[in-house]
Amino acid sequence: MIEVERLSKRYRGAEAVRDVTFRCAPGTVTGFLGPNGAGKSTTMRMICGLTPPSDGAATVLGRPYRRIANPGRHVGVLLDAAAQHAGRSGREVLALTARTVGVEQRRVGEMLEAVGLPAKAARRRVGAYSLGMRQRLGLAQALIGDPKVLILDEPANGLDPEGIFWMRSLLRGFADRGGTVLLSSHLLREVEAVADRFVVIAGGRIAAQGAKEELLGDA
Ligand code: ADP
Ligand code: ADP
C-alpha cells in the first residue's frame, strides 16, 4: 500500500508538485503518467524519503519510507537507472545490493536470470551497459529483497519492445501475487497494458485519476 496525501514541493518559489493525493492498493499496478517535467520523479522521490516535501506526507506499508526497517526487504525502488555504479560489473552491483538488503548471495544469480541479464553481460562494467540493460539491473536490485511494493520511475525507458513486453508480464505477475506497483511513464502506450489504474499529473498537479476503464473506456 502506498498513500500520498497532499504532497507539495516548491523549489525556490517554483512549484514542482502541488497538492498531489493518491493511493496504490495491493494487487494493483498504478500507472503514473505525465509529460517530462510534470513532477513524477519529484513525487516518487518524496515517497521514498529522498526529497523532503514542502507540504503533505506519504506512507508506504503504513509508515513513512524512512521509518521502514530494512526497506529493501519491503519496498523495491528504481528511481534513476542511469545512476548505477558505472565502474562495477552488474554482478558486483547486485551482490552489494544483496548484502545491503541482507539476502543470500545465491539470489544474485537467480535475479540476473529473472531479469534476463546473461552471465557474460553481468561480468561487464555497468558503464558499458545500454539504458535497457541498466533498467534490467535496476529491476533486479529492486526485486532481490522479495518486496511487497515496487516504486519504479520510467523503467521502460531504453527497453526495446520485447523488453517492455517482458517487464509487463513481470509486473503483472508481481501484482497478481498481491504486490503493489507504482510505475511512472511519459508514454501511455508503455503502461496502458499493465496498469489497472492511472494517476495523471501535469504541471505538478493531478489532472485525472481512476480505473483504466473509467479513463480510457473499454479499449
Ligand atoms: P518528471 O519526473 O515528471 O519529468 P520532475 O519531478 O523531474 O518531473 O520535475 C518537475 C519539475 O521540478 C520540473 O520543472 C523540474 O525542472 C523541477 N525540478 C525537479 N528537481 C528539481 C530540483 N532539484 N531543483 C529545482 N527544480 C527541480
Ligand atoms: P526525469 O525526467 O527523469 O525526472 P530530470 O531530467 O527532470 O529527470 O531530472 C534529473 C535530475 O535533475 C533529478 O535529480 C532532478 O531532481 C534534477 N533536476 C531537474 N530539474 C532541475 C532543475 N531545474 N534544477 C535543479 N535540478 C533539477
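Anything mentioned here points back to the structure above.
Parameters at a glance
The residue numbers shown here count from 1 along each chain, following its written sequence. Each chain takes a letter, starting from A, and each ligand takes a number, starting from 1, following the order in which they are written. Totals for whole chains, interfaces and linings use every residue, but because this is a predicted model, local features are given only for residues with pLDDT of at least 70 and side-chain atom pairs only at 80 or more, for both listing and counting. Only hydrogens and water are removed before side-chain values are computed, so all heavy atoms of the structure are retained for them. The definitions used throughout rest on a 1 Å grid laid over the protein atoms alone, on which a cavity is an enclosed set of points accommodating a 1.4 Å probe that cannot get out and a pocket is an open set flanked by protein within 12 Å on both sides along at least five of seven lines; lining residues are those having an atom within 4 Å of a point. Grid points are joined across faces, edges and corners, and a volume is the space filled by probe spheres set on the points. Amino acid classes used here: Ala, Val, Leu, Ile, Met, Phe, Trp, Tyr, Cys and Pro are nonpolar; Asp, Glu, Lys and Arg are charged; the rest, including Gly, are polar. Counting from the N terminus, the helices are the DSSP runs of H or I reaching at least four residues and the strands are the DSSP runs of E reaching at least two. We define a salt bridge as a side-chain nitrogen of Lys or Arg found within 4 Å of a carboxyl oxygen belonging to Asp or Glu. For every residue, the accessible area (1.4 Å probe, protein chains only) is compared with the maximum for its type, and the residue is labelled buried under 20%, exposed over 50%, or partly exposed between those bounds. The span you would expect from a helix comes to 1.5 Å times its residue count less one. Residues scored as charged are limited to Lys and Arg (positive) and Asp and Glu (negative), so that His and the chain ends carry no count. Each polar contact in these results corresponds to two N or O atoms within 3.5 Å; when the atoms are within protein, one needs to be able to donate a hydrogen and the other to accept it, and residues that are neighboring in sequence are counted only if both atoms are side-chain atoms. In this analysis, two residues are considered to be in contact whenever any of their non-hydrogen atoms come within 4.5 Å of each other. Any residue with a heavy atom positioned within 4 Å of a molecule or strand is treated as near that molecule or strand. For the area figures, the Shrake-Rupley method with a 1.4 Å probe applies, and any residue is considered shielded solely by the protein chains shown. Lines fitted to C-alpha atoms define the axes, with helix axes restricted to the stretch in contact, and inter-axis angles between N-to-C directions lie between 0 and 180 degrees. Should an angle lie under 35 degrees it is considered roughly parallel, over 145 roughly antiparallel, and from 65 to 115 roughly perpendicular; all remaining angles are considered oblique. In this scheme the crossing of two helices becomes right-handed for a clockwise turn of the near helix relative to the far one and left-handed for an anticlockwise turn of less than a right angle.

(A) How the structure looks around the layout of surface pockets. A volume near 550 Å³ is recorded for the largest pocket. As for the largest pocket, its lining consists of 24 residues, and the residues nearest its centre are Y65, V77, L78, T97 and Q141. Looking at the lining of the largest pocket residue by residue, the classes come out as 13 nonpolar, 9 polar and 2 charged. Elements supplying a minimum of two residues to the lining of the second largest pocket: helix 1 (40-47) and strand 4 (55-60).

(B) How the structure looks around the pattern of salt bridges. Considering all chains together, one arrives at 11 salt bridges under this definition. A salt bridge links E3 to R23; its shortest N-O distance comes to 3.0 Å. On the criterion of sequence distance, the pair formed by E3 in strand 1 (residues 2-11) and R23 in strand 2 (residues 14-24) is long-range, its members being 20 residues apart. A residue is classified by how much of its surface remains accessible, and E3, at 25% relative accessible area, is partly exposed. In this structure, E104 engages R106 in a salt bridge whose closest nitrogen and oxygen atoms are separated by 3.1 Å. Across the pair, R106 and E104 agree in class, each one exposed. Each of E104, R106, R107 and E110 takes part in one network of salt bridges that share partners.

(C) Broad picture of helix 5 (residues 131-143). Its 13 residues place the ends of helix 5 18 Å apart at the C-alpha level, agreeing with the 18 Å of an ideal helix rising 1.5 Å per residue. Of all 13 residues in helix 5, 11 are buried; the element is thus mostly enclosed. Taken together, the buried positions of helix 5 are occupied by G132, M133, R134, Q135, R136, L137, G138, L139, A140, A142 and L143.

(D) Region of the structure containing the side chain of E190. Within the fold, E190 resides in helix 7 (residues 188-191). The buried charged residue E190 lacks any salt bridge, with R189 as its nearest oppositely charged partner at 4.9 Å. At 2.7 Å, the side chain of E190 and the side chain of S185 are in polar contact. Setting aside residues up to four positions removed in sequence, E190 forms contacts with E154, A156, I164 and S185.

(E) Seen up close, the site of ligand 1. Looking at ligand 1, the residues that line it are Y11, A16, P35, N36, G37, A38, G39, K40, S41 and T42. Contact between ligand 1 and S41: an oxygen atom at 2.7 Å from a main-chain N or O atom of the residue. Notes on ligand 1: free accessible area 560 Å², of which the protein chains cover 55%. At 3 residues, the largest contribution of residues to the shell around ligand 1 is made by helix 1. For the shell around ligand 1, a count of residues per class yields 4 nonpolar, 5 polar and 1 charged.

(F) Expanded view of the packing of helix 2 (residues 90-101) against helix 3 (residues 106-114). Viewed as axis vectors pointing N to C, helix 2 and helix 3 meet at an angle of 125 degrees, and their least axial separation amounts to 9 Å. Taken together, the axes of helix 2 and helix 3 lie oblique to each other. Taken as a pair, helix 2 and helix 3 cross one another with a handedness that is right-handed. Contacts between helix 2 and helix 3 pair R91, L94, A95 and A98 from the former with V108, G109, M111 and L112 from the latter. Classifying every residue of the contact of helix 2 with helix 3 gives 6 nonpolar, 1 polar and 1 charged.

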